[in-house]
Amino acid sequence: MITGEPPATPNPVAQEYSKLKSYLMESVMGALKAVNPPVEQHRAFVTKILTETYAQTRLQLAENILQRLFHEIQDEVLGYGPIQPLLDAPDITEVMVNGSRMVYVEREGLIQKTNIVFEDDAQVLRLIDRIIVPLGRRVDADTPMVDARLPDGSRVNAIIPPVAIDGPSITIRKFGEEKLTTRQLIEFGSLTPGMAEFLRACVIGRLNLLISGGTGSGKTTLLNILSGFIPANERIVTIEDAAELKLQQEHIVRLETKAANLEGRGAVSIRDLVRNSLRMRPDRIIVGEVRGGEALDMLQAMNTGHDGSLTTIHANSPRDAIARLETLVLMGGLELPLKTVRQQISSAIDVIIHQARLRDGTRKVTAIAEVAGMEGDVVVMSDIFKFEQTGIDSNGKVIGRLKPTGLRPLFSPRLEASGFKLSAEIFSASSAEIDRHRR
């Protein structure tokens, strides 16, 4: 269990500890504002002011308590307060603040409650301001929700009263500096070597890929990995709400949405950026996630020469991803017949890759399906690879196997034209691989 409460000591008592902390914090903030030292000197400057101000109080705190006090103030002034240790922990992937008294984390796919608490809701609100003010964002009673990102690229969502009934809430999705590779996904048991080779061929062969999955299933991570297969000589335009993708290629234009200003003007949406990207001579368009009317613009781009595009969508299965796309296209404002929408989808999307977080916290590619066209009014899909769960072991870990279905995709000639003649073994149903990987 991670702890973060002020030390329980009889002298000073908790109330006196809090008063001293507030006094030292005010002194540090005042000095920072007055002197405004260079950013790289902030930590040394804060330590100097803390030491001098504490000496003036003539208090004699125990050394361990004093170090804890200084560390807490430094975290709040220079970092992100009580949750800074969680953000520093490499094995924590998500931090969830539910009001001032409950903080949860996700570690290895499982959610755990911590002992970390904030002093009050006001401290949580100060943290939210510290995150969003440098980004030109705001949050108040009229605009109680905000999306932002930390300097390291971690995604932040904050929501405050009156919408958040039990106090301000913060959700931080961390993104490690180390970029995962297909080799690591294979080691984790998230996919098989055959699946990895197939997906590599699909990306280089300029097929349009849609990654579906639930919240926290690893869609963005997989999108990052697949985008690494794009040849270095191609021009890539990425479009995101909050920039998370970390592509290694050189010729990249990164676009990010913009919130409205205080007068409610100047907003730039995903849809605006998708439309603008078509004028930027892209070889590939990568949309971090489609969640609105931009789905129609994305499909039209895929259908008008921008092959090899990639995007993600929230859905529970490949078939559900098609239904979700239909809904989003209809949100685009055009009165299109449903059959026309489905024809757009079936001709634009080549492959749907479904990523899931299983009940034991592991993340896997549980299905790779080909969008094979239309039969009547129905979009036809064929599973090329599938995860088959066979049980749960004594430790609660899911047991199963990732296996080909035995079907070879209809677009195989397109892959062969791009230089990929995949072996029959990759698609053979007899080549199923038992999942013995454990994290």
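No experiment lies behind these values; they were computed from the predicted model shown. (Residues numbered from 1 in each chain as written. Predicted model: local features only at pLDDT ≥ 70, side-chain atom pairs only at ≥ 80, totals over all residues. Heavy atoms only, no water.)

1. A look at the pattern of salt bridges
Part 1: Scanning the model with the defined rule gives 24 salt bridges in all.
Part 2: Between Lys-403 and Glu-388 there is a salt bridge, with the nearest N and O atoms lying 3.0 Å from each other. Of this pair, Lys-403 sits in strand β15 (residues 398-404) while Glu-388 sits in strand β14 (residues 378-392), and the two are 15 residues apart along the sequence.
Part 3: Taken together, the shared-partner salt bridges connect Lys-21, Arg-68, Glu-72 and Glu-119 into one network. (Salt bridge = Lys/Arg side-chain N within 4 Å of Asp/Glu carboxyl O. Helix = DSSP H or I, 4+ residues; strand = E, 2+ residues; numbered from the N terminus.)

2. Some remarks on the confidence of the model for the protein chain
Part 1: Averaged over the protein chain, the pLDDT score is 87; the fraction of residues at 70 or greater is 94%.
Part 2: The least confident element of the protein chain is strand β16 (residues 433-435), whose mean pLDDT is 46; the most confident is strand β7 (residues 209-213), at 97.
Part 3: Scored below 50 in pLDDT, residues 7-12 shows seven contacts in the model against residues more than four places distant or in partner chains.
Part 4: In this model residues 434-439 is a low-confidence stretch, pLDDT under 50, and it forms 21 contacts with partners more than four residues away in sequence or in other chains. (pLDDT = per-residue confidence, 0-100. Contact = heavy atoms within 4.5 Å.)

3. Description of the packing of aromatic side chains
Part 1: Going through the model one piece at a time under the given rule, you end up with five aromatic pairs.
Part 2: Between the aromatic rings of Phe-198 and Phe-411, the centroid separation amounts to 6.1 Å while the plane-to-plane angle is 25 degrees, which identifies the pairing as stacked. Taken together, the residues Phe-198 in helix α7 (residues 193-204) and Phe-411 in the loop between β15 and α13 (412-417) connect sequence positions 213 residues apart.
Part 3: Residue Phe-411 is classed as buried on the basis of its relative accessible area of 6%.
Part 4: The interplanar angle of 35 degrees and the centroid separation of 6.3 Å between the aromatic rings of Phe-385 and Phe-427 together place this pair among those described as tilted. With a gap of 42 residues between them, Phe-385 in strand β14 and Phe-427 in helix α14 (residues 424-427) connect regions that are remote in the sequence.
Part 5: One aromatic cluster is present, built from ring pairs that chain together Phe-198, Phe-385, Phe-411 and Phe-427.
Part 6: In this arrangement the basic side chain of Arg-130 is found over the ring face of Tyr-80, its NZ or CZ atom lying 5.9 Å from the centre. (Phe/Tyr/Trp six-rings, centres within 6.5 Å; stacked < 30°, edge-to-face > 60°. Buried < 20%, exposed > 50% of the residue type's maximum accessible area, 1.4 Å probe, protein only. Lys NZ or Arg CZ within 6 Å of the ring centre and 35° of its normal.)

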